[in-house]
Amino acid sequence: MSSPVPGPAAEPPVPRTFKAEGPYESQSSRYTVPPFKGTELRDPEQALAFAQRVLSGNAVDTPETQTTDLLLGYEITARQPPLTIDEARLLWNMLRRMSHLEHLVLEDPDGLLMLIPTPELEASPLVLPRLKLLRYCMMFSIDFCHTFLSVLQQAPLESITLRYPKEYDQESDDESSDPFALLARGWLAEKLLHLDVENLRYEYFDYSAAMPLPHLATLSLAFVLDDVSPRMPILGYLLAIVPSLYDLVILTSAAPDPLSPDQQPPIQAIWQANAEAQTQTMTRWSLDRVQAGLLDLCLLGLQYPVREVDVIQMDFFSIQSAGVYVPDPFPATVPTVLGLEFKETSTCPLGAFSTVLGRLRSFWSARPHTAPPKVLNMRLSIRHLQELQALLSDAFALVLDSPRIEAFDLDIRFHCKRNHPDPARPQRRYSHQMVEEGDSSDTSEEDPENPSPRRARRTASPCVEAHHFFKQMPAILAGYWDARFEEATTGALNVTVNISSYCSPKPVCMMSTKNKKQSPVSIWIAAQRSEAYEPA
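Residues numbered from 1 in each chain as written. Predicted model: local features only at pLDDT ≥ 70, side-chain atom pairs only at ≥ 80, totals over all residues. Heavy atoms only, no water.

## What about the overall build of the protein?
Piece 1. A tally of regular secondary structure across the protein gives 19 helices and 17 strands.
Piece 2. A buried classification covers 52% of the 536 residues belonging to the protein.
Piece 3. As displayed, the protein offers around 24,200 Å² of accessible surface, 52% of which is attributable to carbon and sulfur atoms. (Helix = DSSP H or I, 4+ residues; strand = E, 2+ residues; numbered from the N terminus. Buried < 20%, exposed > 50% of the residue type's maximum accessible area, 1.4 Å probe, protein only. Areas by Shrake-Rupley, 256 points an atom, 1.4 Å probe, with all protein chains shown as cover.)

Right, here's the structure in full:
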């Protein structure tokens with residue numbers, strides 16, 4: 001095993017699949033195009049009838065031809081019996097007639113294009129002079145997407161979302177699987193600003209794209225890993241193809257199994273290759289925001305300032321690997337805004353996130369002038385309360401020991417989904433106002449198996465754990481409102497803590513230094529103090 005990379009030098013201290021996959025849903029947590037709001041055609045007969053109206057006689061100014069947003073659902077090509085070639089031609093000619101389209105979503109275009117001979121498609125190009133947004137979901141083959149883009153003309157596309165097949169054999173296609181080779185068309189390079197690629201694998205990059213996308217500002221890549229699809233260094237390729245990047249999202253759908261030797265990528269080699277790629281080019285990104293998993297962010301090793309960094313995926317393998325091979329996940333990014341998202345699982349307990357916070361504390365204490373962000377956002381999804389207090393101790397210690405931090409926002413979500421096995425069953429939710437006002441009839445000491453009639457009438461939901469979570473959080477958080485915290489928040493530090501649960505998703509503010517007297521924690525502390533000084 002390679003030796004760990006040495007840490008940073010200290011600074012002086014300072015104070016303070018092959019079938020239709022279903023309706024389109026973006027996998028990216030920061031989607032680059034707005035939600036679809038337009039004409040959805042999912043029923044095959046409805047779609048064919050719509051096409052007939054578009055193509056009927058002088059159907060130039062009909063509502064159908066004036067449609068600007070159109071979705072063709074996967075249900076159309078999944079029909080039994082399957083579409084005939086004449087029906088496929090009807091739908092294709094419908095698209096050719098709809099010259100007002102601005103937003104087009106194709107959930108299974110492969111099922112349509114495979115029925116029409118390619119020479120026939122090339123002889124009847126698709127001219128959409130107003131099309132700006134395209135979402136294209138590949139189901140069988142990348143060759144069909146190459147064909148579609150080759151016959152699409154005069155489309156001033158600004159945003160493209162590509163979903164690769166979940167189960168795909170590269171050898172079955174003739175064209176390149178590289179998404180940038182797929183988009184290497186002069187008319188695309190002129191306007192394209194946003195690109196999302198999903199179900200991507202590192203081996204799809206064959207570095208064959210010779211045409212850069214000079215105006216591309218937002219890039220989202222959602223990768224899939226398995227036994228034969230490990231991580232690879234791609235930063236040098238991205239710098240060559242996307243020189244003007246402003247917003248980068250890197251997601252990984254499944255982390256490698258640390259127990260499987262075949263899934264162990266050469267972590268340090270990837271990190272070093274990406275670092276060297278940045279020194280061997282004159283291109284420097286002016287990044288505003290980077291959103292990535294912990295290990296993906298570490299492997300990028302970005303040497304450019306980034307205003308906002310959002311770490312959205314943490315698992316035990318990533319935390320372990322990043323700690324061994326990468327000295328600092330933010331060597332030069334120095335984000336002004338840092339987001340940390342952690343979800344407690346059976347294989348990654350809250351203690352793992354405490355490890356991350358401990359490493360950040362050591363990095364930031366070594367460089368207190370520059371390393372900490374000004375705004376720190378934490379989003380926690382927890383399943384148990386046992387380790388939460390220790391985690392909160394680490395979080396508040398990190399903030400109080402980092403005088404550069406001006407705002408700390410903490411969102412805690414209690415993941416009580418296991419208590420709600422039937423999503424179709426209507427369930428009543430606990431009243432947050434009841435918790436905030438301290439209703440004495442709803443105490444955590446009451447037996448949840450034999451509730452009082454009054455309580456049973458108001459808390460019909462089976463999620464007793466969520467109710468206890470809301471009741472206990474003011475007391476838990478109050479333990480960190482000590483003299484040091486009071487001194488820090490009296491100055492420049494603003495702290496806000498919101499909590500929610502699976503069955504009560506609306507956030508409830510538990511602690512706010514901007515409104516100290518009205519937060520549940522302040523009310524709880526005041527109540528405890530009044531009890532302490534009450535005469536016997």
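Now that the structure has been shown, the text picks up again.
## Topic: the nonpolar core
Piece 1. Grouped together as the largest cluster of nonpolar side chains are 143 residues, with contacts concentrated most on Phe148 and Phe180.
Piece 2. Not counting residues up to four positions away in its chain, the partners in contact with Phe180 are Leu195, Phe205, Ala209, Leu213, Leu219, Tyr237, Leu238, Ile241 and Val242.
Piece 3. Counting 6 residues, the second largest nonpolar core, distinct from the first, contains Ile267, Ile270, Leu295 and Leu299. (Core = buried A, V, L, I, M, F, W, Y, C linked by side-chain atoms within 4.5 Å. Contact = heavy atoms within 4.5 Å.)

## Some remarks on the pairing of strand β16 (residues 494-501)
Piece 1. Judged by how many residues are buried, β16 sits mostly within the fold: 6 of 8 residues are covered.
Piece 2. The pairing of strand β15 (residues 407-414) with β16 spans 8 bridges and is parallel. Bridge pairing links Phe408 to Val495 in β16.
Piece 3. Pairing analysis gives 4 bridges linking β16 to strand β17 (residues 508-512), with the strands arranged antiparallel. Across the sheet, residue Ile499 finds its bridge partner in β17, namely Val508.
Piece 4. Following β16, the chain reverses through 6 residues before pairing antiparallel with β17. (Pairing = 2+ DSSP bridges.)

## A look at the environment of Pro125
Piece 1. By the secondary structure assignment, Pro125 is in the loop between α5 (118-123) and β4 (126-127).
Piece 2. Along the primary structure Pro125 and Arg96 are separated by 29 residues, whereas in three dimensions their C-alpha atoms are 7.6 Å apart.
Piece 3. Those residues within four positions of Pro125 in sequence are excluded, and the remaining contacts are Arg96, Val151 and Gln153.

## As for the packing of aromatic side chains
Piece 1. All told, the structure shown has 17 aromatic pairs when counted by the stated rule.
Piece 2. A centroid spacing of 5.8 Å and a plane angle of 85 degrees characterise the contact between Phe396 and Phe408, whose relative ring orientation is edge-to-face. You can see Phe396 sitting in helix α14 (residues 388-400) and its partner Phe408 sitting in strand β15, a full 12 residues away along the chain. Grouping residues by exposure puts Phe396 and Phe408 together as buried.
Piece 3. Look at Phe414 and Phe469: their rings are 5.2 Å apart centre to centre, the planes differ by 15 degrees, and that puts the pair in the stacked class. (Phe/Tyr/Trp six-rings, centres within 6.5 Å; stacked < 30°, edge-to-face > 60°.)

## Some words on the packing of helix α1 (residues 44-55) against helix α3 (residues 85-97)
Piece 1. Two elements in contact, α1 and α3, have axes separated by 9 Å at closest approach and are oriented at 50 degrees. Classified by the interaxial angle, the pair formed by α1 and α3 is oblique. Every pair of crossing elements has a handedness; the one defined by α1 and α3 is left-handed. Contacts from Ala47, Leu48, Phe50, Ala51, Gln52, Val54 and Leu55 of α1 reach α3 at Glu87, Leu90, Leu91, Asn93, Met94 and Arg97. (Axes fitted to C-alpha atoms, helices over the stretch in contact; angles between N-to-C directions. Parallel < 35°, antiparallel > 145°, perpendicular 65-115°, else oblique. Left-handed = near helix turned anticlockwise from the far one by under 90°.)

## Here we look at the packing of α14 against helix α17 (residues 464-478)
Piece 1. Contact geometry for α14 and α17: axes closest at 11 Å, N-to-C directions at 45 degrees. Our classification of the angle between α14 and α17 gives oblique. Like other packed secondary-structure pairs, α14 and α17 cross with a definite hand, here right-handed. Residue-level inspection shows Leu388, Gln389, Leu392 and Phe396 of α14 in contact with α17, the latter providing Met473, Ile476 and Leu477.
Piece 2. In the contact of α14 with α17, the residues fall into 6 nonpolar, 1 polar and no charged. (Nonpolar A, V, L, I, M, F, W, Y, C, P; charged D, E, K, R; others polar.)

## Let's talk about the side chain of Ser176
Piece 1. Topologically, Ser176 is positioned in the loop between β7 (159-163) and α7 (179-182).
Piece 2. Here the side chain of Ser176 touches Asp178 through a polar contact of 3.1 Å, landing on its backbone nitrogen.
Piece 3. Reaching out from Ser176, the side chain makes a polar contact with the side chain of Asp206 at a distance of 2.6 Å.
Piece 4. Those residues in contact with Ser176 that sit more than four places away from it in its chain are Ile142, His146, Ala181, Asp206 and Ser208. (Polar contact = N/O pair within 3.5 Å; in protein donor to acceptor, adjacent residues only side chain to side chain.)

## Observations regarding the environment of Ser393
Piece 1. Tracing the backbone through its elements, the reader meets Ser393 in helix α14.
Piece 2. With relative accessibility at 35%, the residue Ser393 sits in the partly exposed group.
Piece 3. Taking the C-alpha atoms as reference points, Ser393 and Leu477, separated by 84 residues in sequence, lie 9.7 Å from one another.

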